[in-house]
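What follows is each chain in one-letter form.
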Amino acid sequence: MNIETIGVVGAGTMGSGIAQAAAVAGLDVVMIDVSEAALGKGSAAVRASLARLVSNGKLDAAAQDAALGRIATSTDYARLASADIVIEAATENVELKGRILGQIEAAARTDAIIATNTSSISITALAAPLADPSRFVGMHFFNPVPMMPLVEIIRGLQTSDRTAAAVRTLTERIDKSPIGVRNSPGFVVNRILVPMINEAFFVLHEGVASAAEIDEGMKLGANHPIGPLALADLIGLDVCLSVMDVFVKDFGDPKYRACSLLRELVAAGRLGRKSGRGVYDYTV
Ligand code: NAD
């Protein structure tokens, strides 16, 4: 299947990044959101990110203009009729995503692929209400999309070989590297990464070492580019906690229990960089 036009639903952090990566690769993009204000914010994020790439010498001005010219925006789902694939990248809420997927199904061509960028919701469960769930697949991009090379391609129980093959080809075309994943809580990367971060909170809580020493240890001893506690501050402590809580519930295995220190920091509103303070203080 040849993909030339891509619909992106949700113009936030991830949707605008996906739209940008696709436009830079030469695809036509239709980006949908609920309001002109949200679309304006998404377009401004794309413009700022492209400008940074130009000033770093990673993109020339002509390619920047061409990419911007390929992104159309609208609040009207009917504009998705021209898309070969629609990627849903709206707010992480299961009821909302269910409604949006119904709207995409009604607007898109019957042979168009429908993908979701969800971080935590079951691909199999999201596919189930669709008339043709075989055309549904997970495409899990990483933040910031223009910089991060990985896309996890998640097959639900119903996803067809044709759908999985088409999104693999698309991923490579937009200069990303795909890995194939079977639907399972946290997929691959968050399943391994977030419990490691949680373990760093246990190590801190038990007084084994200071936060700075734990992070230094993992950087110098495990060759990680950033320590796990600094990474938790970047991701958001509330996000890390909710991922661990999903693992306990979905796997029914207490080995995923969140560290009480992580829970305590979230309760105190110390969510990381976004709130000014998490493990570390960003206000000083
Ligand atoms: P965000 O809050 O930045 O953006 C969400 C956008 O969805 C907003 O612009 C909002 O207006 C829009 N939206 C809400 N309802 C809509 C509707 N009915 N129709 C169209 N648009 C609607 O969120 P985000 O961080 O970009 O996350 C989007 C998705 O990507 C989520 O499923 C999230 O779990 C996933 N994800 C996020 C990250 C990350 O690091 N932020 C990484 C991987 C995956």
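Residues numbered from 1 in each chain as written. Predicted model: local features only at pLDDT ≥ 70, side-chain atom pairs only at ≥ 80, totals over all residues. Heavy atoms only, no water.

A. Summary view of the sheet that holds strand 6 (residues 136-141). Spatially, eight strands are ordered 3-2-1-4-5-6-7-8 in an open sheet, and the strand pairing comes out mixed. Looking at the sheet topology across the chains shown, the edges are occupied by strand 3 (71-74) and strand 8 (177-182). Strand after strand, the sheet turns through a mean of 25 degrees between neighbouring axes, direction not considered. In the sheet, strand 7 (residues 150-155) pairs with strand 8 via six bridges, with the strands oriented parallel. Across the sheet, the residue bridging to isoleucine 154 is valine 181, located in strand 8. Strands strand 1 (5-9), strand 2 (28-32), strand 3, strand 4 (85-88) and strand 6 of the sheet are contacted by helix 1 (residues 13-24), whose axis makes an angle of about 170 degrees with strand 2. (Pairing = 2+ DSSP bridges. Helix = DSSP H or I, 4+ residues; strand = E, 2+ residues; numbered from the N terminus. Axes fitted to C-alpha atoms, helices over the stretch in contact; angles between N-to-C directions. Contact = heavy atoms within 4.5 Å.)

B. Structural context of the domain arrangement of the protein chain. As assigned here, the protein chain comprises domain 1 (5-182) and domain 2 (193-274). Computed over C-alpha atoms only, the centres of domain 1 and domain 2 are separated by 29 Å. (Domains from an automatic or database assignment.)

C. Expanded view of the packing of helix 1 against helix 2 (residues 36-55). Contact pair helix 1 / helix 2: the axes reach a minimum separation of 9 Å and the direction vectors enclose 50 degrees. If you check the angle between helix 1 and helix 2, you find them oblique. Considering only the axes of helix 1 and helix 2, their crossing is right-handed. Counted together, Ser16, Gln20 and Val24 of helix 1 and Gly42, Ala45, Val46, Ser49, Leu50 and Leu53 of helix 2 form the full contact between these two elements. Across the contact of helix 1 with helix 2, the residue classes break down as five nonpolar, four polar and no charged. (Parallel < 35°, antiparallel > 145°, perpendicular 65-115°, else oblique. Left-handed = near helix turned anticlockwise from the far one by under 90°. Nonpolar A, V, L, I, M, F, W, Y, C, P; charged D, E, K, R; others polar.)

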